[in-house]
Amino acid sequence: MLGILKPEEIEEVLLQATVGRIGCCKEGKTYVVPINYVYDGKYVIAHSVEGEKIFLMRNNPLVCFEVEQIKDNCNWKTVISWGSYHEITDERERYEAMKLFVERMMKLKVSTTAHPPENKPARHLTTKQTVRAVIYRILLTEKTGRFEKEGNDSM
């Protein structure tokens, strides 16, 4: 059965997921990239180093955001939303945004690849200058969601 997600189901998908995809564009160039995020009921909050996605969103803050829950090819939910990119520059707001992000991520199971084996030291990249994270939020202004559910299977 195919269907349309109700507004509360859309919110549930956005709140439960931690990986989504941002679509942004400039001058005919479309760029889609996965991000880790936290959703606070109004904003998608994330961070990044400066790069292509940040450059594109600074030049055109209108973005698309997609997230999904996929059990298998016949049991899935997907949400597509549109909104606007806003960089967080106020130090207190940056702190609060990252605090929310870290609290959410700390509750997740961490991959074994996130930590080096006990007997091997971690390798660290060295640079001559400090990299300051770009912390941003996307104000979601329009949302839609779809699902497919086979039989009595629940997601």
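The coordinates are above.
I will try to describe carefully the structure that is included in this document. Predicted, not measured: the structure shown is a model, and the values here were computed from it. The numbering scheme is per chain: residues are counted from 1 as the chain's sequence reads. Totals for whole chains, interfaces and linings use all residues, but because this is a predicted model, local features are given only for residues with pLDDT of at least 70 and pairs of side-chain atoms are given and counted only at 80 or more. Working from all heavy atoms in the structure, the side-chain values ignore hydrogens and water.

**Details of the pattern of salt bridges**
So, step 1. Note on definitions: salt bridges are taken to be side-chain nitrogens of Lys or Arg within 4 Å of carboxyl oxygens of Asp or Glu. Following the criterion strictly, the structure yields 10 salt bridges and no others.
So, step 2. We note a salt bridge from Lys-26 to Glu-27, for which the minimum N-O separation is 3.6 Å.
So, step 3. Ionic pairing is found between Arg-92 and Glu-96, a salt bridge with its closest N-O pair at 2.9 Å. One end of the pair, Arg-92, and the other, Glu-96, are both in helix H3 (residues 91-106), four residues apart, so they sit about a helical turn from each other.
So, step 4. A simple rule labels every residue: compare its accessible area, found with a 1.4 Å probe on the protein chains alone, to the largest value its type can have, and call it buried under 20%, exposed over 50%, or partly exposed in between. We classify Glu-96 as partly exposed; its relative accessible area is 34%.
So, step 5. Ionic contacts of the salt-bridge type, sharing partners, join the residues Arg-21, Glu-66 and Glu-68 into one network. Helix and strand definitions follow DSSP, with helices as H or I runs of at least four residues and strands as E runs of at least two, each counted in order from the N terminus.

**Here's the deal with the pairing of strand E6 (residues 62-72)**
So, step 1. Pairing between strands is defined by DSSP: at least two bridges between the two strands are required. Bridge count for strand E2 (residues 19-26) against E6 is three bridges, and the pairing is antiparallel. Note that in E6 the partner of Ile-22 across the bridge is Phe-65.
So, step 2. As paired elements, E6 and strand E7 (residues 75-87) share 10 bridges and run antiparallel to each other. The residue bridging Val-63 from the neighbouring strand is Gly-83, located in E7.

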